[in-house]
Amino acid sequence: MACEDERVSEASSAAETRAGDLRALYDLTAAVARATAIEDVYAEALRVVGSALDVDRAAVLVVDEQGVMRFRAWNRLSDAYRARTEGHSPWSPDERSPMPIVVEDVAADQTLGELRDVVVAEGIGALAFVPVVGRGGLIGKFMLYSDTPRAFGDDELRLASTIAASVAVAIGRREIEGELRASRDQLRAMFSAVADGIIVFDRNGRYVMANDAAATLSGFESAEEMLAATSETVRQQFRLFDEDGNPLPTEALAARRVLAGETFAERIVRYRAVGSDVDRWSDVKAAPVPGEDGEPEFAVTVFRDITAERRASEQSELALWRMSRLQRLADVALRASTLDELLEELVGVVRAALGSDRATMLLLGSANELVVRAAAGIDPEVAHGVRVPLGEGIAGTIASTRTPTIIDDLTLFEPVSAYLREAGGSLAGVPLVFQNRLLGVLHASSDQRSAFGREDLEYLKLAAERAAIAVEHARLFEREREIAATLQQSLLPDRFPPLPGVSVAASYLPASDGALVGGDWYDAVALGDGRILLAIGDIVGHGIDAAAAMGQVRNALRAYGNENPSPASIFTRINELLCDTAEDLFCTAFCAVVDPWAQTILYSDAGHPATLVLTKAGEARLLEGARSTPLGAMRGARYRDELEPLEPGAIIFAYTDGLIESRHESLDVRIAGLVDAAVASLRLPLSRLPEAVGKMLLPGDDVLEDDVAMIAVRLDVDAEHLRLRLPAEARSLPVVRGALDGFTRRAGASDDEILDLKVACSEACSNVIEHAYGTRAGSFRLNVAAREGGVAISVSDSGRWRRAHPRGVKRGGHGLKLMRALTDEVEITTGTPAGTEVRMFRRLGR
Amino acid sequence: MQQRITLEPRQDHSVGVVSLQGELDLSNVQYVEEALLEHVGDDAPGLVADLAELSYVDSAGIRLFVEVSERLRRNRQAFALAVPPDAPIGRTLSIVKLDLLVSIHQTVEDAVEGIVASTASG
């Protein structure tokens, strides 16, 4: 029984051992499962080994990152021993399936090599190496030590291997957990470090994860707070738009799209918190995380706030756009040459810049009306000339209130001019104001409602500003040019009324740079006594001031000339006038009283280039006898007259210095050139002489730096005949008398005889003027001849007299009576095809 | 427009006196007629035109003097010309016997006196 009992006892002991082993294993497993730190697992493993196996000491070593076996847990081993044996492994590191190795008697062992003495010295008699094998192979070893030599049974080794496996599991799990922890840490670090918002959605669109950036961007204090909310409530706090500003449906969001099967989605989202007017922009990328079933389980959404960049680029684009459309405005001002051209271009540019359907420029005309001057996008036939009274219609209201205006819906604004009403839509308009004066209105209109914003109005204001300056400038310029041109025309006649005894031709060449008239002028006018007042001058300066001064001097010359026909006295008075009235205005001038009957010239020269006298014979000389200072240059300047005889048919050629000025040649050379040119032109008709001289002296292609004025007066009187053709107007009468005076005086008539002839001749001429042509314009001829000791006068017209005798002659009787009393013969021939002719003869010295 | 004639008006014993200087012809008769009539007040007894410095006159001027004389007479006002013996236009006036139609005196004083006297007696 005892044997039985022993066997039973052995069996029961074995069973108990087995149960103890199992309990130990269970404890170990539980410890492994329970252990939060690997060190606890090692300690538990050592404890289990100690209780389950008959070993004196044990140790756990684990391969570190460098591949070296390191002691992780042990009992009763000296530091020295551990230091000496650490790193030793009986297996090669890449051993796929290492097996336990047992050294039953260390003292007799040969395999431990030099370590044997160390092991012996530690008091170890026997040991077993039990490999710890993990997923990738050998990861450590379990050491079992006995102080005395002994063998290790298979069961013991198997139990040790099982414990080692548990340790391996624990180590493996720890590694995985470590990796996981590291990866989590990394993720967390990433989440919190990046400015990008990261949200992980599950397949139902719920938040799984979010970082602080995502929370902040979504309007939460922290990620936790955000995760506590539902994605739906969050979304309801925002209005989402696509890039073009269209509302964005939920299913179009990137996360939704990848959850719906797309492998990657990206889109720019514009969003605005409800109740805010600030737009923000986000670049949203989403990628799916597949679940076990291969279907997307999560959507990882990364979104980057690009509001700042957007705004910056919008700003710079806007700035560029603004610049470019302003540039176009400036270009218009530079390019256009006339006001109308400028306005047409301007409205075109405005229309394009605002993207409006129409742009219209109205300018204030007379009678407080705005008149459409330029329009783009409107049939010119419809728009041009449209008139809007101030205060009426849109333009009229903008003008009268001077208020930049936007009308979002034209149908609500009445009344509207027809061409605007047709279209409806909206309008933006601004007044054109220059220095507080209203010049007009510029407006743009669109077929769409609410098409214009404040930005557009600002642009219109700028355009209107430019336009106002241009309009004002053009107006001033046009006015100045008109005034100057009018002055020039009136002061520089290219045709002269008939002057008794002379022919006159003149030419004026304006300087190339000037739209403005220069200060050059000339004049030839009949004095009452048959003499001619000839003048030419050059006011220093250009423009209206010079032209006005020129007019003043010219008028003064005429007035003074009639009072006292002495060039020197005329100059003296004009000099005082200029010194009194104009501080810095002076003028060179040549003035002469030409007597074609006496064939003399009385002249004075106020600093003017010397006038030329050309004879029929082709000789030339300069009138240099009476030179003095320019007019207005010096108060009290003295001028004197010089009298010179003139040859019959002589030409007086006066000019301004532009004709002989040259930087390259001396004055003498130029004047010699002028003499040559003038003599060479003598063969031409007088009317072409000034122009021909100018052409010869002034290089054709060159720019004319200064104005040039030329006037040529030719003596046409011969001693025997006076021939005049004059308009049948009362103003011809003084001319007739002047010519007659000069001619008859030269023919030797006395003062009384001259007056008699004047009266008689004037009577004949007055009759023509009063009766020959009725209200029609006409002319008459006066032929006077000195013959047979007397003077023969013929006055003829081509009019039709209704009666045999001129009415005036017959009725009043005075005319005919005077003619008969004052002459020796009177003969009237009427009704001829040539009209009427009155012939008279008066003996002289009777 | 150049009138070639100057009119200098003054008063003498409430009689208007206008001195004509220059030339009088068809080209300026209308201007001179208006100017003369302007210088005689409604209450004035008459007007004297001093022609001492008139250098020229023809039938147009003569018609003017007759016209002015007739208009003033209708208004019970007198009109007289002062023409000195050496006046250049005297010969012209005498040819047409203007003194038959218009009162002509050698001096302004005579002309004024004549008007004042006729007013007093009339």
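Predicted, not measured: the structure shown is a model, and the values here were computed from it.

We now examine the overall build of chain A. Within chain A, the secondary structure is distributed over 23 helices and 33 strands. Within chain A, residue pairs in contact and separated by at least 24 positions form 60% of the contacts whose partners lie at least 6 positions apart.

From N to C terminus, chain B includes four helices and six strands. The order of helices and strands in chain B, counted from the N terminus, is β-β-α-β-β-α-β-α-β-α. By the burial criterion, 52% of the 122 residues in chain B qualify as buried. Across chain B, the fraction of contacts at a sequence separation of at least 24, relative to all contacts at a separation of at least 6, is 71%. A total of about 5,900 Å² of accessible surface is found on chain B, and carbon and sulfur atoms cover 46% of it.

Compared with the 22 Å implied by 1.5 Å per residue over 16 residues, the 23 Å span of helix α2 (residues 59-74) of chain B between its first and last C-alpha is a close match. Buried within α2(B) are the following residues: B:S59, B:A60, B:G61, B:I62, B:L64, B:F65, B:V66, B:V68, B:S69 and B:L72.

Turning next to the sheet that holds strand β15 (residues 405-407) of chain A. Two orientations exist for strands paired in a sheet by backbone hydrogen bonds: parallel and antiparallel. Residue and element names in this part refer to chain A. Read across the sheet, six strands follow the order β14-β13-β12-β17-β16-β15 without closing on themselves; strand pairing throughout is antiparallel. At either margin of the open sheet sits one strand with a lone partner, and together these are β14 (387-389) and β15. This sheet shows a mean twist of 25° between the axes of neighbouring strands, independent of strand direction. With three bridges joining them, strand β13 (residues 369-376) and β14 adopt antiparallel strand pairing. Bridging from a neighbouring strand, V371 pairs with R387 of β14. Together, β12 (358-364), β13 and β17 (437-446) form the strand contacts of helix α11 (residues 339-354), whose direction differs from that of β13 by roughly 65°.

Residues and elements named next belong to chain A. A positive phi angle is found at N436, which is not glycine, with a value near 70°. Relative to the assigned elements, N436 resides in the loop between β16 (426-434) and β17. We classify N436 as exposed; its relative accessible area is 62%. Phi at E788 takes a positive value of approximately 45°, unusual for a residue other than glycine. For E788, the location among the structural elements is in the loop between β30 (779-787) and β31 (790-797).

Where interface size is given, it is often the accessible area lost as the parts come together that is meant. Each partner contributes to the interface: chain A provides 24 residues, whereas chain B provides 19 residues. Of the roughly 1,900 Å² buried between chain A and chain B, counting both surfaces, carbon and sulfur atoms make up 59%. The largest contributions to the chain A side of the interface with chain B come from A:R737, A:L755 and A:H814, which together make up 28% of the buried area. Summed over the shared surface of chain A and chain B, the number is four salt bridges. Taking the shortest distance from any N to any O, the salt bridge between B:E23 and A:R737 comes out at 2.7 Å. For the pair chain A and chain B, the number of links is six residue pairs in polar contact (both at pLDDT 80 or more).

Another point: the sheet that holds strand β3 (residues 101-103) of chain A. Residue and element names in this part refer to chain A. Pairing within the open sheet is antiparallel, and its five strands lie in the order β2-β1-β5-β4-β3. Each of the sheet's edge strands pairs with one partner strand only, and the pair in question is β2 (69-74) and β3. Neighbour-to-neighbour, the strand axes of the sheet open up by a mean angle of 20°, direction not taken into account. Together, β1 (57-63), β2 and β5 (137-146) form the strand contacts of helix α2 (residues 38-52), whose direction differs from that of β1 by roughly 145°.

Another aspect to go through is the nonpolar core. Counting residues in each nonpolar core, the largest one holds 73 residues, and the members touching the most others are A:I793, B:L20, B:L24, B:L51 and B:F65. It is helix α21 (residues 751-772) of chain A that provides the largest number of residues to this core, a total of eleven residues. For B:L24, the residues in contact, after removing those within four places along its chain, are B:I5, B:V29, B:V32, B:L54, B:Y56, B:V57, B:D58, B:G61, B:L64 and B:F65. If you look at the next biggest cluster of nonpolar residues, it comprises 55 residues, including A:V502, A:M550, A:L623 and A:I711.

Turning our eyes to something else, we now look at the confidence of the model for chain B. Chain-level statistics for chain B give a pLDDT mean of 90 and a share of 95% at 70 or above. Taken over the whole predicted complex, pTM reads 0.43, whereas the ipTM for its chain interfaces reads 0.92.

To continue, consider the packing of helix α1 (residues 29-38) of chain B against α2(B). Residues and elements named next belong to chain B. At a minimum axis separation of 10 Å, α1 and α2 run at an interaxial angle of 30°. Compared by their axis directions, α1 and α2 come out roughly parallel. For the element pair α1 and α2, the recorded crossing hand is right-handed. Across the interface between the two elements, V29, V32, E33, L36 and L37 of α1 pack against A60, G61, L64, E67, V68, R71 and L72 of α2. Class assignment of the residues belonging to the contact of α1 with α2 gives a composition of eight nonpolar, one polar and three charged.

Residues and elements named next belong to chain A. In this structure the tally under the stated criterion is eight aromatic pairs over all chains. Between the aromatic rings of W91 and F129, the centroid separation amounts to 6.3 Å while the plane-to-plane angle is 80°, which identifies the pairing as edge-to-face. One end of the pair, W91, is in the loop between α3 (79-85) and β3; the other, F129, is in strand β4 (residues 126-134), and 38 residues separate them in sequence. Under the relative-accessibility criterion, W91 is labelled buried at 8%. Judged by relative accessible area, F129 falls into the buried class, the value being 5%. Both rings, one in F201 and one in Y207, keep their centres 5.5 Å apart while their planes meet at 40°; by these two values the pair is tilted. Taken as a pair, F201 and Y207 share a single burial class, namely buried.

Here the focus is the confidence of the model for chain A. All names here are of chain A. Mean pLDDT for chain A: 80, with 81% of residues reaching 70 or above. By mean pLDDT, the top-scoring element of chain A is strand β27 (residues 651-655) (96), and the lowest-scoring one is helix α22 (residues 807-811) (43). Throughout residues 804-811 the model reports pLDDT below 50, and contacts reaching past four residues in sequence, or to other chains, amount to 15 contacts.

Time to look at the pairing of β17(A). Residue and element names in this part refer to chain A. Most of β17 sits inside the fold, with nine of its ten residues counted as buried. Both β12 and β17 contribute to a ladder of six bridges, which runs antiparallel. Looking across to β17, one finds that T360 is bridged to H443. In terms of strand pairing, β16 meets β17 through nine bridges, oriented antiparallel. Its bridge partner being in β17, L432 is matched across the sheet by G440. Between β16 and β17, which pair antiparallel one after the other, the connecting turn spans two residues, and Q435 there sits at a positive phi close to 45°.

What follows deals with helix α19 (residues 689-697) of chain A. Since the α-helix turns once every 3.6 residues, residues separated by three or four places project in the same direction. For α19(A), every residue scored as buried is listed here: A:L689, A:P690, A:A692, A:V693, A:G694 and A:L697. Each element contacted by the buried residues of α19(A) is listed here: β18 (502-509), β27, α18 (667-680) and β28 (708-715) of chain A.

What counts as what
- Residues numbered from 1 in each chain as written.
- Chains lettered and ligands numbered in written order.
- Predicted model: local features only at pLDDT ≥ 70, side-chain atom pairs only at ≥ 80, totals over all residues.
- Heavy atoms only, no water.
- Helix = DSSP H or I, 4+ residues; strand = E, 2+ residues; numbered from the N terminus.
- Contact = heavy atoms within 4.5 Å.
- Buried < 20%, exposed > 50% of the residue type's maximum accessible area, 1.4 Å probe, protein only.
- Areas by Shrake-Rupley, 256 points an atom, 1.4 Å probe, with all protein chains shown as cover.
- Expected span 1.5 Å × (residues − 1).
- Pairing = 2+ DSSP bridges.
- Axes fitted to C-alpha atoms, helices over the stretch in contact; angles between N-to-C directions.
- Buried area = accessible area lost by both parts, 1.4 Å probe.
- Salt bridge = Lys/Arg side-chain N within 4 Å of Asp/Glu carboxyl O.
- Polar contact = N/O pair within 3.5 Å; in protein donor to acceptor, adjacent residues only side chain to side chain.
- Core = buried A, V, L, I, M, F, W, Y, C linked by side-chain atoms within 4.5 Å.
- pLDDT = per-residue confidence, 0-100.
- Parallel < 35°, antiparallel > 145°, perpendicular 65-115°, else oblique.
- Left-handed = near helix turned anticlockwise from the far one by under 90°.
- Nonpolar A, V, L, I, M, F, W, Y, C, P; charged D, E, K, R; others polar.
- Phe/Tyr/Trp six-rings, centres within 6.5 Å; stacked < 30°, edge-to-face > 60°.

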